[in-house]
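Understanding the architecture of this molecule
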Amino acid sequence: MRWIHCLAVGTLSVALAACTTSPTGRSQLTLMSDDQLDQMGAQAFAQYQQDRTTVDGAPYRLAQCITREIVATLPAELQQENWQVRVFEDDSANAFALPGGYVGVNTGLLEITENQDQLAAVIGHEIGHVLAHHANERASTQSATNLGLSVLSSAAGLEGAGGEQVMAALGMGAQYGILLPFSRSHESEADTIGLKLMADAGFDPRASVALWQNMANAGGGQPPEWMSTHPSHGNRISGLESGMNEAMQRYQQAGRAPNCGQP
């Protein structure tokens, strides 16, 4: 089993070499290059546009304006990207931002948001994921977890149907014990970053709390938080409120007053 030990040591060495720090100071495992992630973002955005109908007019101009205002607050290297914005005909209240500079907003989200500030809270949150390299970290964590389970299976001599059942249980353990908590961590971190981004861009950060109250009213029941990739609405609102004093200071100091319109 010496090769297993060597593989584990080699994997650990690569992981240590790929450790970075997020904008909030959290340690991250990032194994992929920015070029790889940007290419994946471009491919995913192109595929999304093929699969869904896009919407122009006022909804597009609103999303584009808010994205432009927020991007203007980003580090210079991210401002230089040619950010593309699309609004998609989709009833789900959702949005996304991808590495490489791509933002998508669903029409269902425009039904939930009451003003430009609430929509800015969502777009700022999604751009926060990009700023914090969460896609890289998620992909890297998934890769490292799969490799770890493979090594564990070989070391334990798990073979046949019984071994597959054990590995299925271990896979579930890895999912609920590692992957989903990372996802909740990402969501909370993106909330923190997004709150600052929207405030720096001149959007009222207090709208983020009102947004999630709207989400809670519209969303109905949620799965238990430990089985969800997102914090509960109550925990999300509490997290936003805890950072509100700093966000309001940034908002008052922004010296900007965007006028992007209303959903």
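Structure report, in brief.

Reading the values: the criteria
- Residues numbered from 1 in each chain as written.
- Predicted model: local features only at pLDDT ≥ 70, side-chain atom pairs only at ≥ 80, totals over all residues.
- Heavy atoms only, no water.
- Buried < 20%, exposed > 50% of the residue type's maximum accessible area, 1.4 Å probe, protein only.
- Helix = DSSP H or I, 4+ residues; strand = E, 2+ residues; numbered from the N terminus.
- Pairing = 2+ DSSP bridges.
- Expected span 1.5 Å × (residues − 1).
- Polar contact = N/O pair within 3.5 Å; in protein donor to acceptor, adjacent residues only side chain to side chain.

**Digging into the pairing of strand E5 (residues 95-98)**
Alternating positions in E5 separate into two faces, Ala95 and Ala97 on one and Phe96 and Leu98 on the other, with burial throughout. For E5 and strand E6 (residues 102-106), the ladder comprises four bridges, and the chain directions are antiparallel. Bridge assignment links Ala95 to a residue of E6, and that residue is Val105. If you look at the hairpin formed by E5 and E6, you'll find three residues sitting between the two strands, and Gly100 has a positive phi there, around 100°.

**Brief notes about helix H6 (residues 116-131)**
Across its 16 residues, H6 extends 21 Å between first and last C-alpha, which sits within 8% of the 22 Å expected from 1.5 Å per residue. Among the 16 residues of H6, 16 are classified as buried, and the element is accordingly described as predominantly covered. Sitting at the amino-terminal end of H6 is Asn115, which places a side-chain oxygen 3.1 Å from the backbone nitrogen of Asp117. Residue His133 follows H6 closely and has a positive phi angle near 55°.

**Some points on the environment of Gln84**
With respect to the helices and strands, the residue Gln84 is situated in strand E4 (residues 84-88). Linking Gln84 and Gly104, residues 20 residues apart in sequence, is a C-alpha distance of 8.5 Å.

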